[in-house]
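# Structural overview for review
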Amino acid sequence: MNHSIGDRIRSLREFRDITQEELAERAGVSVDTIRKLEQGRRQTARIDTLRLLARALDVQLERLVGQPTVTEQLSDDGGLLALRDAIQDIGALPGVLADDLDEDPPDADVWSSSVARATNLYWAGAYSQLSGMLPLLLRDGRAAARQSDSELVWAGLALAYQLAASLATQAGHTDWAFQAVEKQLDAARRASDPLAEGMGVSTLSWVLLRQGRWEQAQGIAERKADALEPSFRRATAEQFAVYGNLLVAAATPAARRDQHDEAMRLLTVAEAAATRSGPVRAYGSVFSPVDVRTQKVNISLAGRVDRPDEALRHASRVDVAEISRPVHSASYRVDVAQARYRTGDAEGALGTLMEVERDQPEWIKFQALATSTVREMLEAERRRNTPLRSLAARLGVDPTL
C-alpha cells in the first residue's frame with residue numbers, strides 16, 4: 001500500500017504516464033515541490049497545492065490525501081454501504097420490479113421526528129450513529145410518500161436526502177452524494193417548495209466543490225440566489241436564510257478560483273441578509289451573522305494567495321459561543337488553527353486542533369485541512385513534540401515522518 005502523499009502522487013502520475021514536469025505544468029505548481037514530495041523530502045504541501053495536484057491527476061482530493069471513507073464504528077442497523085444502497089434505490093429504476101412496494105409506511109409524525117433527530121446527529125458530528133439510522137429513514141420516507149403523496153412528506157424526504165448527501169460527501173463518497181441531491185431536488189419539487197429547491201442547489205454546490213468542479217459549483221449557486229433574491233422589505237426569515245446559504249455556497253468555489261474579491265462581495269451581501277433576518281433555523285441548516293463571519297475566515301485561506309493575517313482579523317469578529325452547530329464550530333476552529341500556524345503560532349494552532357479533536361473526535365478524521373496542517377507541523381517541528389505526534393497518530397498521519 002502507498003502510505004504517503006508523495007507515494008500516491010508518484011503512483012497516480014506514473015499511471016497517467018506523465019512526467020513530473022508535465023504534472024507541474026498541468027497543476028500550475030513548482031516541479032521542485034512535486035519532486036520533493038515524491039522523494040519523501042517533503043511529506044505534505046499547502047492544502048490548495050494538493051487540490052491543484054488532485055485536479056491535474058484527475059482524482060478527488062480525498063484520495064490523494066488518504067482521507068478515511070468509512071465511519072469509525074460499525075453499526076448493526078446499517079452503515080455507509082447500506083446508505084449507498086438506500087440512495088441508489090434500485091426499485092425506482094424503469095423496468096425493475098421492486099420488492100419493497102408493500103412495506104407499511106411509518107407514522108408520519110414519528111417519521112418526521114426521526115428526520116429532525118437525524119439532522120441533530122449530523123450537526124453534532126455523530127456520523128457512525130447517523131449512518132446506521134439514515135438507510136431505514138430513507139426507505140420509510142419513500143414508503144410514506146407512496147402512501148400519502150403529501151407535500152409535507154415530500155418536504156421531509158427532501159431533508160432526509162439532504163442529510164444523506166451531506167454525510168456521503170463528508171465520507172468522501174461524492175458520487176453517492178450527487179445521486180442523493182438528485183433525489184433531494186425531486187422531492188423538493190414534489191413538495192412545491194422553491195426554498196427547499198434552493199437548499200438542494202446549495203447542497204449540490206457543496207458536492208460539486210468537493211468534486212473539484214469549482215466553476216459549476218459557483219455558477220449554480222449564484223444563479224439560484226439571483227432567482228430567489230428576496231425583497232429586503234417583505235421577505236421572510238426563511239427566504240433570507242436560503243438566499244444567504246446560496247451566496248455562501250457560491251463564495252467558497254469563487255475563492256478556490258482565486259476570485260477573492262468576488263467571494264468577499266458575496267459574503268458581504270450574505271451578511272447583510274443575515275443581519276436583516278436574524279438567526280434562522282430552516283431546511284436542516286442555520287443562517288445567522290456569525291455563520292457568515294466564519295466563512296470569511298475560511299475564504300481568506302482559500303486560493304493560491306495565502307491571507308492568514310486577514311483570516312485572523314475576521315476571526316476577531318467571531319464569538320465561538322454564538323455558533324449553534326457543533327460541527328460548524330469545529331470547522332471554524334480548524335480554519336483558525338491553520339491561520340495561526342501560517343502566522344508562526346504553531347503552539348496556538350496545536351492547542352486549537354487538540355481542542356477540536358476533544359470535541360469532535362470522529363468528525364476531525366474526515367477533514368483534509370486538519371490532517372494537512374498536522375502533516376505540515378510534523379515536518380517543520382524542531383523538537384520532538386509528544387502531543388503533536390499523538391494527535392498525528394490518532395488522525396492517521398504517520399507520526400514518524
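Residue numbers here run from 1 along each chain, matching the order of that chain's written sequence. Predicted model: local features are reported for residues with pLDDT of at least 70 only, side-chain atom pairs are reported and counted for 80 or more only, and whole-chain, interface and lining totals are derived from all residues. As a convention, hydrogens and water are excluded, and side-chain values are obtained from all of the structure's heavy atoms.

A helix here means a DSSP run of H or I that spans at least four residues, while a strand means a run of E at least two residues long, and both kinds are numbered starting from the N terminus. Check the secondary structure of the protein chain and you find 20 helices and two strands. Note on method: radius of gyration uses C-alpha positions; expected globular size equals 2.2 Å times residues raised to 0.38. Computed over the C-alpha atoms, the radius of gyration of the protein chain is 21 Å, within 12% of the 21 Å expected from 2.2 N^0.38 for a compact globule of 401 residues. Seen through its principal axes, the protein chain has C-alpha atoms that stretch 65 × 50 × 40 Å. The proportion of buried residues among the 401 residues of the protein chain is 57%. Nonlocal contacts in the protein chain, meaning residues at least 24 apart in sequence, comprise 66% of its contacts between residues at least 6 apart. Here, Shrake-Rupley sampling with a 1.4 Å probe gives the accessible areas, and only protein chains in the shown set may cover a residue. Here the protein chain displays about 18200 Å² of accessible surface, and carbon together with sulfur accounts for 47% of that area. The charged-residue count follows a simple rule in which Lys and Arg add positive charge and Asp and Glu add negative charge, with His and chain termini not counted at all. Taken as the charge location is NZ of Lys, CZ of Arg, CG of Asp or CD of Glu. Across the protein chain, the 50 positively charged side chains and the 57 negatively charged ones have centroids separated by 6 Å. Only protein chains enter the accessibility calculation, which uses a 1.4 Å probe. A residue is then buried if its area is under 20% of the maximum for its type, exposed if over 50%, and partly exposed in between. By the convention used here, residues are in contact when the closest approach between their heavy atoms is within 4.5 Å.

Aromatic rings from Phe, Tyr and Trp, taking only the six-membered ring of Trp, are treated as a pair when their centres fall within 6.5 Å; an angle between ring planes under 30 degrees marks them as stacked, one over 60 as edge-to-face, and anything in between as tilted. Per the counting criterion, the structure on display carries three aromatic pairs. For the pair Tyr122 and Tyr127, a centre-to-centre distance of 5.9 Å together with 25° between the ring planes defines the contact as stacked. Side by side, Tyr122 and Tyr127 carry an identical accessibility label, which is buried. Note on Tyr127 and Phe366: the rings are 5.6 Å apart at their centroids and 70° apart in plane angle, and the pair reads as edge-to-face. Taken together, the residues Tyr127 in helix α8 (residues 127-148) and Phe366 in the loop between α18 (346-359) and α19 (368-380) connect sequence positions 239 residues apart. By relative accessible area, which is 3% here, Phe366 ends up buried. Three or more aromatic residues link up through ring pairs in this structure, and these residues are Tyr122, Trp123, Tyr127 and Phe366.

As a working rule, side chains carrying opposite charge can pair if their charged atoms are close by. By salt bridge we mean one thing: a side-chain nitrogen of Lys or Arg within 4 Å of a carboxyl oxygen of Asp or Glu. Considering all chains together, one arrives at 21 salt bridges under this definition. A salt bridge links Arg10 to Asp7; the shortest N-O distance between them is 3.0 Å. With Arg10 and Asp7 both in helix α1 (residues 5-16) and three residues apart, this pair spans about one turn of that helix. Arg35 serves as the salt-bridge partner of Glu21, at 3.5 Å between the closest nitrogen and oxygen. Linking Glu21 in helix α2 (residues 20-27) with Arg35 in helix α3 (residues 31-39), this pair joins segments that are 14 residues apart in sequence. For Glu21, a relative accessible area of 45% translates into the label partly exposed.

Within helix α16 (residues 308-315), burial applies to Pro308, Glu310, Ala311, His314 and Ala315. Projected onto a plane normal to the axis of α16, the buried residues spread over an arc of 155° and lie on a single side. Along α16, exposed side chains directed more than 90 degrees from the buried face belong to Asp309 and Arg313. In this structure, the buried residues of α16 make contact with α14 (260-277), α15 (289-300) and α17 (326-342). Directions are taken from the helix axis to each C-beta atom, and the arc is the one they span.

Attention shifts here to α8. Each residue after the first adds 1.5 Å to the expected span of a helix. With 22 residues, α8 should cover 32 Å at 1.5 Å per step; its first-to-last C-alpha distance of 30 Å lies within 8% of that length. Considering bend angle alone, the principal kink of α8 is centred on Met133 and spans about 30°; proline Pro135 follows within four residues of it. Of all 22 residues making up α8, 16 are buried, and the element is well covered by its neighbours. At the C-terminal side of α8, Asp149 shows a positive phi close to 50°. To obtain the bend at a residue, axes are fitted to the seven residues ending there and to the seven starting there, and the angle between these axes is taken.

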